[in-house]
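# Close look at the chain arrangement
As a plain string of letters, each chain reads:
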Amino acid sequence: MSEHYDLLIVGAGPAGMAAALAAAPSGARIALLDDNPVPGGQIWRDGPGAHLPPLARRLRDGLERHAIPVWSGTRVVAAAGPQALLLEDPTRGWRVRYDRLILCTGARERLLPFPGWTLPGVTGAGGLQALIKGGLPVAGERLVIAGSGPLLLASAATARAAGAHLLRIAEQAPLAALARFTAGLPRWPGKALQAARLFDHRYRAGSHVLEALGDDRLEGVRLWQDGSTVELACERLACGFGLVPNTQLAEALECALRDDAVAVDDWQATSRPHHYAAGECTGFGGSELALVEGAIAGHAAVGEQTQARRLFPRRQRWQRFADALARDFALDPRLKTLARPDTLVCRCEDVPYAALAGRDGWTDAKLVSRCGMGACQGRICGGAARVLFGWTPPAPRPPLSPARIETLLCLEDEA
Amino acid sequence: MIDVHLDGRPLRVAPGTTVAAALCLGGDGSSRTSVGGQRRAPFCGMGVCQECRVEIDGQRRLACQTLCQPGMRVETRP
Amino acid sequence: MSPAQARADVIVVGAGIVGSACAHELARRGLDVLVLDDRRGGATAVGMGHLVAMDDNPAELALSAWSLELWRHLAPDLDDASAYRNCGTLWLAADDVEMAAADAKRATLAAHGLDCQLLGARALATAEPALRDGLHGALRVAGDGILYAPNAAEWLLAKGGARIIRHAAQVVQVCGNLVRLADERWLRADAVVLANGIHAADLCPDLPLRPKKGHLLITDRYPGRIHHQLVELGYVTSAHASEGTSVAFNAQPRPTGQIFLGSSRQFDTLDRRVEGPVLARMLRRALDYLPGLAGLNAIRSWTGFRAASPDGLPLLGPHPGQPGLWLAVGHEGLGVTTAPASARLLAAQLFDERPPIDPTPYQPQRFPLAQSAVPAQEARP
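In this text the structure is predicted, and so the values were computed from the model without any measurement. (Residues numbered from 1 in each chain as written. Chains lettered and ligands numbered in written order. Predicted model: local features only at pLDDT ≥ 70, side-chain atom pairs only at ≥ 80, totals over all residues. Heavy atoms only, no water.)

### Observations regarding the packing of aromatic side chains
Taken as a whole and judged by the stated rule, the model has 9 aromatic pairs over all chains. Ring centres of Phe249 of chain C and Tyr289 of chain C lie 4.8 Å apart, and the angle between their planes is 5°; this geometry places the pair in the stacked category. Of this pair, Phe249 of chain C sits in strand E16 (residues 246-253) while Tyr289 of chain C sits in helix H9 (residues 276-289), and the two are 40 residues apart along the sequence. Each member of the pair Phe249 of chain C and Tyr289 of chain C is classed as buried. Following the ring pairs from residue to residue traces out a cluster consisting of Tyr5, Trp71 and Trp94 of chain A. Over the aromatic face of Tyr5 of chain A sits the side chain of Arg29 of chain A, whose NZ or CZ is 4.4 Å from the ring centroid. Over the face of the ring belonging to Trp94 of chain A we find Arg92 of chain A, whose NZ or CZ atom lies 3.4 Å from the ring centre. (Phe/Tyr/Trp six-rings, centres within 6.5 Å; stacked < 30°, edge-to-face > 60°. Helix = DSSP H or I, 4+ residues; strand = E, 2+ residues; numbered from the N terminus. Buried < 20%, exposed > 50% of the residue type's maximum accessible area, 1.4 Å probe, protein only. Lys NZ or Arg CZ within 6 Å of the ring centre and 35° of its normal.)

This is the structure in structure tokens:
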């Protein structure tokens, strides 16, 4: 017989923690799980290279005060029958049943292929931030950050605090779009402050990466900047081209998507009864929006419509911020042309661009080239193929990420 | 401080250090050799890309989502 | 609108391993072939790609043994992407009864000229140290192997050169030597070959094809753990069941170092979703034989449908009720193994030749198939 909870929350970032704390006073039996080693999500990552903001501490303390179990280092492997999930941590695999589920699975970075992107020394932009918070030493290293969106600035701030020597932030969006975006920021005072602190004279708009240089590891980067090509010698290059909602679990649970994010109504309810979603997996808006959405979902999931409704105006305000973000950081079509024929698109199976170009869709390309057949199961190359070729990978199949075979045995009993 | 073994060599790291960071603190930072023979290192940093999968106490796990624990044995993949 | 003559002598419906082998063989004989495929994907895209001599009855053995010989002939020319490996099969005997079955199988295969020998418990443990203790032995069939069927199909088509033309098009009706496409066009050729597996029943509802759902799972790369294709002797029992859900242990060492695990059989469902309980049962069976797999990471599972005929043999030859329509369907789980020989048998009948094996057991007329419905008025030539 499996464990049972009234409310199960997947993802312990801002949305998941807010959902748990909103639902806790109802007395519901709640559990929260996350694949990272500690709660906080991508934004509030703890570690030797991190300083948690007070709000994150308060939320974490709140979870403790309500004695809500937080299963860190735990992944969802598969849907396991109606209203049940198969979970795995480093020591065990187990099945958990639930009455209500809130998906707070967040977003991942969109990572696009360009020559040299597989060299050690090249990471995602948010990726570098996460690695630094986990203790990655970058003091004295020369760093270039390239890509798109406010995350580049956040990553730069973390890297500089850790002693990296920041050479450049290359933002692909044109200056006009950035000006429009920052002009809108006074409407969100907290954000404006954040932006002022993050903006930096090393920042260039309308600039993007062309190539990472080096043989066995990164030695430099070639950038497109002010209408010409520049080369900078560096030890680290961090690239991120916006965010992609993590919808795999929602798809596995047959929740409908809208605009590539989990579709939700005013109550943060998905298309499937008793299943809610909040935060970046429903679209991007930063931690403030995630917190409000999470709280609404938490209240709604335990039947507290009045409390949920009180939060609607706050959500609406942050939603406008999210819309501006999507509009002003739209990807330059030139980013689709960075890969050369020999540039690897699928990093797991080392499949070059030339093996994919001209194929008849994702499934055809995958069958012929092995693209997307490796351990990441197309999470990286599938996202890239969407941008490069307009292909749509199909809904994921179990396991949702690599899982031990012994864990999958737990699917035998659906009781 | 926490003592671990990275490819058989002892390494001392601060509590809360991820295995991904330890790869850099105690080695060249790389985690595996790709299908085509390239060395690779942690890339996405958030448990998606699978570049950082290494053998941790005999299990294949993600370095970026694993904290160093006392006595842990980490093997990068040749 | 009258049907356009296809710029080909033969239209093959289906670009899976069987359709591709048929097109390849017909092109080799100098015919121009138009291959139509709707990219829905069938058993070729999702199967294990095993090349295995099966001997449930003499006809199955005759076809699979001949076909394996043809594959071994093709092997030196196959490209890397086809991933052909002559790894051999070990039929595993868990007890004395199964060991006796292994010996009987050995006698049957040997009588057919196949290279095979019995391994005792110790020889088996040496050959495959990852297997659990206590197995009684195995029958090693040396000529068996594996390949990656989607690319082998591509290779077969590419080898046809200019004689094979491929179109991504959905056929929505067949009528003798006429086919109607989704865009309402009719095409005509001297012959139409139906080789689209389970989807053939959509076009010819009288075909006695029944879907048998199967689950498969593949691991991350763990090179060197196993060396042969491993199959439990109980596989035959599972493969023969005609009702209910059954599982049987089947493992392959892929050239990538991945371990590929099967198998399951279910009837009367066309639901593509992976079913946790069936997958788990299949994996539990695999761990019975390879306990060391427990801690290895699986990266993907999926399902597919085998097109099964009532007697387990494919339908190869003319449709008795529809002149001009030829069938190469109903291969169940043996399409990859028997594709080259199926193509040869079909071509021999098309050319009115005497093939090296007796075609009678595979001829569609062994089943009561209907006359063709009269084609739509406008389709008449």
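### Topic: the interface of chain C and chain A
Interface size is commonly expressed as the accessible area that is lost once the parts come together. Between chain C and chain A, the residue contacts involve 34 residues of the former and 27 residues of the latter. Both sides of the chain C and chain A interface together cover about 2600 Å² of buried area, and 56% of this is carbon and sulfur. A salt bridge links Glu349 of chain A to Arg221 of chain C, with the nearest nitrogen and oxygen atoms 2.4 Å apart. Summed over the shared surface of chain C and chain A, the number is 13 residue pairs in polar contact (both at pLDDT 80 or more). Listing elements by their share of the side of chain C that touches chain A, those giving two or more residues are helix H6 (149-159), strand E14 (210-221), strand E17 (258-267), H9 and strand E18 (297-308) of chain C. A per-element tally of the side of chain C that touches chain A places H9 of chain C first, with 8 residues. For the side of chain C that touches chain A, a count of residues per class yields 18 nonpolar, 8 polar and 8 charged. (Contact = heavy atoms within 4.5 Å. Buried area = accessible area lost by both parts, 1.4 Å probe. Salt bridge = Lys/Arg side-chain N within 4 Å of Asp/Glu carboxyl O. Polar contact = N/O pair within 3.5 Å; in protein donor to acceptor, adjacent residues only side chain to side chain. Nonpolar A, V, L, I, M, F, W, Y, C, P; charged D, E, K, R; others polar.)

### Side note on the interface of chain B and chain A
With 37 residues of chain B at the contact, the number on the chain A side is 39 residues. On the chain B side of the contact with chain A, Phe43, Met46 and Gln65 of chain B bury the most area, a combined 26% of that side's loss. Its salt-bridge partner being Glu51 of chain B, residue Arg347 of chain A comes within 2.7 Å of it at the nearest N-O pair. The tally of links between chain B and chain A comes to 14 residue pairs in polar contact (both at pLDDT 80 or more). For the side of chain B that touches chain A, the secondary structure elements donating two or more residues are helix H1 (19-26), strand E4 (39-40) and strand E6 (59-62) of chain B. Of the residues forming the side of chain B that touches chain A, the biggest block, 4 residues, is contributed by H1 of chain B. A class-by-class count of the residues in the side of chain B that touches chain A yields 17 nonpolar, 13 polar and 7 charged.

### Brief notes about the sheet that holds strand E1 (residues 4-5) of chain C
All names here are of chain C. Strand order across the open sheet formed by 4 strands is E1-E12-E11-E10, with mixed pairing between neighbours. Taken across any chain shown, the strands that pair with only one partner, and hence form the sheet edges, are E1 and strand E10 (171-175). Two strands pair when backbone bridges link them, and E1 and strand E12 (residues 186-188) are joined in this way by 2 bridges, in the parallel orientation. Residue pairing in the sheet places Gln5 in a bridge with Arg188 of E12. (Pairing = 2+ DSSP bridges.)

### Topic: the domain arrangement of chain A
Split by domain assignment, chain A resolves into domain 1 (3-108 + 244-324), domain 2 (111-241) and domain 3 (339-389). Placing a centre on the C-alpha atoms of domain 1 of chain A and another on those of domain 3 of chain A gives a separation of 31 Å. (Domains from an automatic or database assignment.)

### So, empty space enclosed by the protein
Over the atoms rolls a probe the size of a water molecule, and its path tells where empty space is left. One pass over the structure, following the stated rule, counts 3 cavities of 30 Å³ or more. As for the largest cavity, its lining consists of 13 residues, of which Leu136 and Arg236 of chain A together with Gly29, Ala41 and Pro42 of chain B are closest to the centre. Approximately 50 Å³ is the volume attributed to the second largest cavity. In terms of lining residues, the second largest cavity is bounded by Arg108, Glu109, Arg110, Leu111, Val244, Arg379, Ile380, Gly383 and Ala384 of chain A. Within the residue set of the lining of the second largest cavity, elements represented by two or more residues are strand E7 (107-109) and helix H13 (379-389) of chain A. At 4 residues, H13 of chain A tops the list of elements feeding residues into the lining of the second largest cavity. Looking at the lining of the second largest cavity residue by residue, the classes come out as 4 nonpolar, 1 polar and 4 charged. (1 Å grid on protein atoms, 1.4 Å probe; cavity = no way out; pocket = protein on both sides within 12 Å on 5 of 7 lines; lining within 4 Å. Points joined across faces, edges and corners; volume = space filled by probe spheres on them.)

### Quick word on the packing of helix H1 (residues 14-23) of chain A against helix H8 (residues 286-301) of chain A
All names here are of chain A. One way to put it is that H1 packs onto H8 with a least axis distance of 7 Å and a crossing angle of 35°. For H1 against H8, the interelement crossing comes out right-handed. Here Pro14, Ala15, Ala18, Ala19, Ala22 and Ala23 of H1 come into contact with H8, specifically with Ser287, Ala290, Leu291, Gly294, Ala295, Gly298 and His299. Classifying every residue of the contact of H1 with H8 by side-chain character gives 9 nonpolar, 4 polar and no charged. (Axes fitted to C-alpha atoms, helices over the stretch in contact; angles between N-to-C directions. Left-handed = near helix turned anticlockwise from the far one by under 90°.)

### Regarding the pairing of strand E5 (residues 53-56) of chain B
All names here are of chain B. Of the two faces of E5, the one holding Arg53 and Glu55 and the one holding Val54 and Ile56 are both buried throughout. By the bridge criterion, 4 bridges tie E5 to E6 in an arrangement that is antiparallel. In the sheet register, Glu55 faces E6, and the bridge partner there is Arg60. Remark: 2 residues form the turn of the hairpin made by E5 and E6, two consecutive strands paired antiparallel; Asp57 in that turn has positive phi of roughly 45°. As paired elements, E5 and strand E7 (residues 73-75) share 2 bridges and run antiparallel to each other. Following the sheet pairing, Glu55 is matched in E7 by Glu75.

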